[in-house]
Amino acid sequence: MSLARLLGKNDRHEEARALLADIYNWFTEGFDTADLKEAKALLDELSKLNALTIEGRPPAWRASAQDYDSNGPGSEKPSIDSTFV
């Protein structure tokens with residue numbers, strides 16, 4: 001779980017989730033133990049963080065609606081170069 005936590009803290013959520021899920025799925029019993037409860041909670045957290053990413057980029061890379069709002073900061077709308085269309 002330590003490696004999964006470290007990967008997650010370094011925005012490698014999918015890698016961390018996949019690593020931990022592979023190990024968690026080996027178990028067929030003992031899901032009420034503290035270790036497996038902790039692993040399940042970490043898997044859930046990593047899944048949520050992974051769902052927030054787009055194309056493997058951290059959520060901070062996403063453009064918000066405010067970025068393109070004519071009344072807010074960064075009000076310049078991206079231009080489309082017709083030579084590439």
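These numbers were taken from a predicted model, which means no experiment stands behind them. (Residues numbered from 1 in each chain as written. Predicted model: local features only at pLDDT ≥ 70, side-chain atom pairs only at ≥ 80, totals over all residues. Heavy atoms only, no water.)

1. Points about the pattern of salt bridges
- Taken as a whole, this structure holds four salt bridges when the rule is applied.
- The shortest N-O distance in the salt bridge between Glu-14 and Arg-17 comes to 2.8 Å. With Glu-14 and Arg-17 both in helix 2 (residues 13-24) and three residues apart, this pair spans about one turn of that helix.
- In this structure Arg-17 comes out as partly exposed when scored by relative accessible area, which is 23%.
- Note that Asp-44 and Lys-40 form a salt bridge whose closest N and O atoms lie 3.0 Å from each other. (Salt bridge = Lys/Arg side-chain N within 4 Å of Asp/Glu carboxyl O. Helix = DSSP H or I, 4+ residues; strand = E, 2+ residues; numbered from the N terminus. Buried < 20%, exposed > 50% of the residue type's maximum accessible area, 1.4 Å probe, protein only.)

2. Thoughts on a nonpolar patch on the surface
- Together, Leu-3, Leu-6, Leu-19, Ile-23, Trp-26, Phe-27 and Phe-31 make up an exposed nonpolar region whose accessible area comes to about 700 Å².
- If you list the elements that add at least two residues to the nonpolar patch, you get helix 1 (2-9) and helix 2.
- As for its placement among the helices and strands, Leu-19 is situated in helix 2.
- Look at Leu-19 and you get partly exposed, because its relative accessible area is 33%. (Patch = residues over 30% accessible without salt bridge, like charges linked within 9 Å, V, L, I, M, F, W, Y side chains within 5 Å. Areas by Shrake-Rupley, 256 points an atom, 1.4 Å probe, with all protein chains shown as cover.)

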